Amino acid sequence: MTLADRIASYREIVEKWLHGLYHGMVEGPAFELIEKEAEDTDDVFMLACFADAFGIPSPISYYTAELLPYLADEFAGWERRLWDRGTLVERKGQQYHF
């Protein structure tokens, strides 16, 4: 094994380690925040469209019922998340550091 091969091997190991460190310190938390914000936005949109599923009268429910075939896959998970109040309160508490 030549010196150039050893240096290339060492450099590859250091690059992998630095990428893992960067991902763990910068990319990972940023991705988590982006995912939480996207989920919150989806929750607000679904609640605006299907508020009558939770007993909240909505005058636009007649029109938003047309969206149900397109959002049916997401509807079950969204409904489960909203009915689980502990998770909802816990997530909002994390957002404001409670």
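For clarity, every value in this text was computed on a predicted model and none was experimentally measured. (Residues numbered from 1 in each chain as written. Predicted model: local features only at pLDDT ≥ 70, side-chain atom pairs only at ≥ 80, totals over all residues. Heavy atoms only, no water.)

(A) Layout of the nonpolar core. Met 46, Cys 49, Phe 50, Phe 54, Leu 71, Phe 75, Trp 78 and Leu 82 form the largest nonpolar core, which has eight residues in total. Non-local contacts of Met 46, meaning those with residues more than four positions away in its chain, are made with Ala 51, Leu 71, Glu 74, Phe 75 and Trp 78. (Core = buried A, V, L, I, M, F, W, Y, C linked by side-chain atoms within 4.5 Å. Buried < 20%, exposed > 50% of the residue type's maximum accessible area, 1.4 Å probe, protein only. Contact = heavy atoms within 4.5 Å.)

(B) How the structure looks around the packing of aromatic side chains. Under the counting rule described, the total for this entry stands at three aromatic pairs. When the centroid spacing of 5.3 Å and the interplanar angle of 80° are considered together, the rings of Tyr 62 and Tyr 63 count as edge-to-face. Residue Tyr 62 is classed as exposed on the basis of its relative accessible area of 63%. Taking relative accessible area as the criterion, Tyr 63 reaches 57% and is therefore assigned exposed. Pairing Phe 75 with Trp 78 gives two aromatic rings, centres 5.5 Å apart and planes at 50°, and the pair type is tilted. Of this pair, Phe 75 and Trp 78 both sit in helix 3 (residues 68-83), three residues apart, roughly one helical turn. By the ring-pair criterion, three or more aromatic residues cluster together here, those being Phe 50, Phe 75 and Trp 78. (Phe/Tyr/Trp six-rings, centres within 6.5 Å; stacked < 30°, edge-to-face > 60°. Helix = DSSP H or I, 4+ residues; strand = E, 2+ residues; numbered from the N terminus.)

(C) Examining the side chain of Ser 58 more closely. The topology assignment puts Ser 58 in the loop between helix 1 (3-49) and helix 2 (61-64). Setting aside residues up to four positions removed in sequence, Ser 58 forms contacts with Ala 48 and Ala 51.

(D) Up close: the environment of Glu 37. Within the secondary structure, Glu 37 sits in helix 1. Here the alpha-carbon distance between Glu 37 and Gln 95, two residues 58 residues apart in the chain, equals 10.0 Å.

(E) View of the packing of helix 1 against helix 3. Packing of helix 1 against helix 3 brings their axes to within 11 Å, and their N-to-C directions diverge by 100°. Accordingly, the angle class assigned to the pair helix 1 and helix 3 is roughly perpendicular. On helix 3, the residues touching Glu 39, Asp 43, Phe 45, Met 46 and Leu 47 of helix 1 are Leu 71, Glu 74, Phe 75, Trp 78, Arg 81 and Leu 82. Split into classes, the residues belonging to the contact of helix 1 with helix 3 amount to seven nonpolar, no polar and four charged. (Axes fitted to C-alpha atoms, helices over the stretch in contact; angles between N-to-C directions. Parallel < 35°, antiparallel > 145°, perpendicular 65-115°, else oblique. Nonpolar A, V, L, I, M, F, W, Y, C, P; charged D, E, K, R; others polar.)

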